[in-house]
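Descriptive analysis of the structure
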Amino acid sequence: MIQVHLGHVFHLAGRPGVGDSAAALVTLPDGALVVDDDGRIVFCGARGELPARFGSVETVDHRPGFLLPGFVDTHIHFPQTYAGDSYGGGQLLEWLDQCIFPAESRLAEPEFAQQAAVEFCDRRIAAGTTAAMVFGSAFPHAQDALFSETRRRGLRMVSGRGIQTVGPDSAAALITSEEDALRLTAAEIDKWHAADTGDVSTALLHVAIVPRFAPAVTPETLKNLGDLYDSVRDRGVYVHSHLNENNRPGTGEVDTVKQSYQVDSYLDTYDGKFLPGSSAGGTSLLGRRTILAHCVHCQDAELERMAQTGTSISHCPTSQLFLGSGTMPWRRTVESGVNISAGTDFGAGDEWLIPRVLGDAFKVHISEEGDAGVSMHPAEMLFVGTLGGARALDMEDRFGNFDVGKEADFVVVDPSRTPALANSVIGGVRSTDGEMARDQTLFALLMGIRESSIAQVYVQGRRVHG
Ligand code: GUN
Ligand code: ZN
């Protein structure tokens with residue numbers, strides 16, 4: 001059934017990069033979004049310009065609510081659904097050992113895994129996250145539960161089991177042999193990649209190869225996964241991992257990788273150059289369907305290589321604050337040309353809501369030292385939370401904004417459900433300059449949205465329910 005949705009529309013039209021997103025910002029205070037039977041956008045414009053042929057179709061009036069593209073979370077951990085705000089008395093590696101490996105091991109129990117899958121879908125819907133790159137559980141039955149539940153709810157997802165072949169005792173339940181790491185990953189691809197429609201170009205479900213991070217695997221694992229990726233790349237399979245997250249002197253992840261692999265850069269381990277001296281040992285895992293989370297402590301050459309290969313960054317400032325990891329330098333990273341998207345990194349991030357991540361991004365980047373400090377434009381914030389995420393998932397042609405022809409993934413934001421947001425949207429002073437007033441409203445919206453503000457969530461034009 002064709003539907004007209006009325007509300008105040010914000011989106012980024014066309015194919016801007018993060019740097020030119022302000023020029024692509026569209027605001028339609030009295031806007032209309034028309035979605036056809038197939039869940040595609042057939043019109044996005046001012047209500048007063050609605051073509052006559054849509055005059056008598058079913059209308060859903062969300063006014064005075066806002067219509068935004070669905071949020072895209074490009075880094076979130078399913079097996080940490082119950083591990084938010086875990087205290088481990090240290091930074092990344094201590095937290096993994098003390099809190100996370102034990103928490104993830106609980107999913108060995110099938111009933112608990114099923115319960116986690118239901119809860120994980122509920123939380124995504126409540127947060128308006130219509131598409132996500134989901135770091136999966138080590139356990140195939142838990143991944144089955146996640147894919148099944150995600151399909152039942154009608155959400156978009158790319159996910160893959162977290163691969164670990166080495167690690168501390170606390171991770172014993174998550175670690176497999178080299179053979180099983182390869183076998184289980186290949187089996188997940190065969191079982192779930194585009195399982196919903198049988199065609200990657202229409203599917204909501206996709207599979208990724210997910211080595212947890214270089215310290216959790218071996219050169220042999222990376223070699224095997226490179227070979228596997230080579231054989232499935234043209235089927236649209238993804239790769240996901242962490243990169244350059246935490247650099248605590250002596251005990252940090254970055255030093256650990258450089259010392260154990262004897263490589264010049266952390267990225268080399270994912271780029272086929274995982275042998276001592278960064279010499280080639282296998283095939284690269286980088287490419288336009290690869291997303292690396294964090295990238296806080298990258299060398300220029302690493303950023304350049306990611307940009308060159310089309311690899312995207314998932315920027316996770318909420319998590320970086322929680323684990324004391326520092327922050328991805330905004331200006332330098334943007335200037336490198338690499339695509340930047342946003343990730344909650346739940347449970348290291350303690351928010352499910354992408355706008356909360358965007359708010360933290362604004363705060364940390366305005367606080368960067370000296371010339372590095374920037375006041376992010378609200379259009380840049382919207383970019384990383386929507387269109388940049390769709391690009392990171394290599395599905396920009398399908399969703400991420402309201403261009404005609406795209407699949408209609410959107411959220412309805414009702415400020416009246418969140419008094420503090422209503423105050424700043426309705427009562428905030430606005431510039432007499434129209435463009436500045438537009439930016440101020442979008443900023444107030446993105447900073448002030450809470451889960452309570454998300455009234456409705458749509459994927460492919462269909463309403464999804466929590
Ligand atoms: N690096 C390896 N595993 C993890 C994880 O679960 N969370 C975060 N934030 N970083 C990681
Ligand atoms: Zn993570």
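That block above? That's the structure.
Thresholds applied
Residues numbered from 1 in each chain as written. Chains lettered and ligands numbered in written order. Predicted model: local features only at pLDDT ≥ 70, side-chain atom pairs only at ≥ 80, totals over all residues. Heavy atoms only, no water. Helix = DSSP H or I, 4+ residues; strand = E, 2+ residues; numbered from the N terminus. Rg over C-alpha atoms; globule rule 2.2 N^0.38 Å. Buried < 20%, exposed > 50% of the residue type's maximum accessible area, 1.4 Å probe, protein only. Contact = heavy atoms within 4.5 Å. Areas by Shrake-Rupley, 256 points an atom, 1.4 Å probe, with all protein chains shown as cover. Lys, Arg positive; Asp, Glu negative; His and termini not counted. Charge placed at Lys NZ, Arg CZ, Asp CG, Glu CD. Axes fitted to C-alpha atoms, helices over the stretch in contact; angles between N-to-C directions. Parallel < 35°, antiparallel > 145°, perpendicular 65-115°, else oblique. Nonpolar A, V, L, I, M, F, W, Y, C, P; charged D, E, K, R; others polar. Donors = N, O, S within 2.8 Å, 3.2 Å for Na, K, Ca; no water. Tetrahedral: all angles 85-135°; square planar, octahedral: opposite > 155°, others 65-115°. Arc of directions from axis to C-beta. Core = buried A, V, L, I, M, F, W, Y, C linked by side-chain atoms within 4.5 Å. Pairing = 2+ DSSP bridges. Near = heavy atom within 4 Å. Polar contact = N/O pair within 3.5 Å; in protein donor to acceptor, adjacent residues only side chain to side chain. Salt bridge = Lys/Arg side-chain N within 4 Å of Asp/Glu carboxyl O.

To continue, consider the overall build of the protein. Along the backbone of the protein there are 16 helices and 16 strands. Relative to the globule expectation of 23 Å for 466 residues, the C-alpha radius of gyration of the protein, 21 Å, shows essentially globular dimensions. For the protein, the spread of C-alpha atoms along the three principal axes comes to 65 × 50 × 40 Å. The buried share of the protein, taken over its 466 residues, is 60%. Partitioning the contacts of the protein with sequence separation of at least 6, the portion at a separation of at least 24 is 73%. Only carbon and sulfur atoms are counted for the fraction: they give 50% of the accessible area of the protein, which is about 16500 Å². Seen as two clouds, the 38 positive and the 60 negative side-chain charges of the protein have centres 4 Å apart.

Mapping Ser105 onto the fold places it in helix 2 (residues 92-105). Distance in space between the C-alpha atoms of Ser105 and Leu445 is 38 Å, their sequence separation being 340 residues. Those residues in contact with Ser105, other than ones at most four positions away along the chain, are Phe139, Ser170, Ala173 and Leu174.

So, on to the packing of helix 12 (residues 354-366) against helix 16 (residues 434-448). Packing of helix 12 against helix 16 brings their axes to within 7 Å, and their N-to-C directions diverge by 115 degrees. Of the possible angle classes, the one that applies to helix 12 and helix 16 is roughly perpendicular. Between helix 12 and helix 16, the residues in contact are Pro355, Arg356, Leu358, Gly359, Phe362 and Lys363 and Phe443, Leu446 and Met447, respectively. Of the residues assigned to the contact of helix 12 with helix 16, the class counts are six nonpolar, one polar and two charged.

Here the focus is the coordination of the zinc ion (ligand 2). Bound to the zinc ion (ligand 2) are the protein donor atoms His75 (NE2), His77 (NE2), His242 (NE2) and Asp345 (OD), situated 2.0 to 2.2 Å from the metal. Geometry at the zinc ion (ligand 2) is irregular, judged from its four donor atoms and the angles of 88 to 172 degrees they form at the metal. All donors to the zinc ion (ligand 2) come from one chain, and their sequence spacing reads H-x1-H-x164-H-x102-D. Of this pair, His242 sits in strand 10 (residues 238-243) while Asp345 sits in the loop between strand 13 (339-342) and helix 12, placing them 103 residues apart in sequence.

Here helix 7 (residues 253-261) has its buried residues at Glu253, Val254, Val257 and Tyr261. End-on, the buried residues of helix 7 take up no more than an arc of 105 degrees, which puts them together on one face. Contact partners of the buried residues in helix 7: helix 2, helix 6 (219-232), strand 10 and helix 8 (267-270).

Here we take up the nonpolar core. With 111 residues, the main nonpolar core has Phe78, Ile209, Leu243, Tyr270, Met306, Leu445 and Ile449 as its most contacted residues. Counting residues in each nonpolar core, the second largest holds 14 residues, with Ala131, Val210, Ala392 and Phe399 among its members.

Another point: the packing of helix 15 (residues 419-427) against helix 16. How two helices sit against one another is set out by the angle between their axes and by the gap between those axes. Here helix 15 crosses helix 16 at 175 degrees, and the two axes come no closer than 9 Å. With respect to their mutual orientation, helix 15 and helix 16 come out roughly antiparallel. In this structure, helix 15 uses Leu421, Ser424 and Val425 to contact helix 16, whose residues at the interface are Ala444, Leu445 and Gly448. Class assignment of the residues belonging to the contact of helix 15 with helix 16 gives a composition of four nonpolar, two polar and no charged.

Okay, the pairing of strand 6 (residues 129-135) next. In terms of burial, strand 6 is largely enclosed, as seven of its seven residues are buried. Alignment of strand 5 (residues 71-77) against strand 6, held across five bridges, turns out to be parallel. Bridging across to strand 6, Val72 finds its partner in Ala131. Note: strand 6 against strand 7 (residues 156-160), five bridges, orientation parallel. From the neighbouring strand, Met133 faces strand 7, where its bridge partner is Val158.

This brings us to the sheet that holds strand 14 (residues 410-413). Backbone hydrogen bonds are what pair the strands of a sheet, in a parallel or an antiparallel way. Spatially, seven strands are ordered 3-2-1-4-14-15-16 in an open sheet, and the strand pairing comes out mixed. Every interior strand has two partners, whereas the edge strands, strand 3 (41-46) and strand 16 (462-464), have only one. Averaged over all pairs of adjacent strands, the angle between their axes in this sheet comes to 40 degrees, without regard to strand direction.

This part is about the site of ligand 1. Near ligand 1, the surroundings consist of 13 residues, among which His77, Gln80, Arg212, Glu245 and Asp345 are the closest. Take Glu245: an N or O atom from its side chain is 2.7 Å from a nitrogen atom of ligand 1. In this structure, Asp345 approaches ligand 1 through a side-chain N or O atom, which is 2.7 Å from a nitrogen atom. With the chains in place, 100% of the 280 Å² that ligand 1 exposes on its own is no longer accessible.

Attention shifts here to the pairing of strand 2 (residues 25-35). Of the pairings in the sheet, the one linking strand 1 (residues 3-12) to strand 2 comprises nine bridges and is antiparallel in character. Across the sheet, His11 pairs through a bridge with Val26, a residue of strand 2. Sheet topology note: the strand 2/strand 3 ladder contains five bridges and is antiparallel. Within strand 3, the residue paired with Gly31 across the bridge is Ala46.

Moving on: the pattern of salt bridges. Once their charged atoms are close, side chains differing in charge can pair, the charge on each being opposite to the other. Scanning the entire structure with this criterion turns up 26 salt bridges. Note that Asp394 and Arg289 form a salt bridge whose closest N and O atoms lie 3.0 Å from each other. Of this pair, Asp394 sits in the loop between helix 14 (387-392) and strand 14 while Arg289 sits in the loop between helix 8 and strand 11 (290-294), and the two are 105 residues apart along the sequence. Classification of Arg289 by relative accessible area gives buried; the value is 17%. The partner of Arg332 in a salt bridge is Asp300, and the shortest N-O contact between them spans 2.4 Å. On the criterion of sequence distance, the pair formed by Arg332 in helix 11 (residues 330-336) and Asp300 in helix 9 (residues 300-309) is long-range, its members being 32 residues apart.

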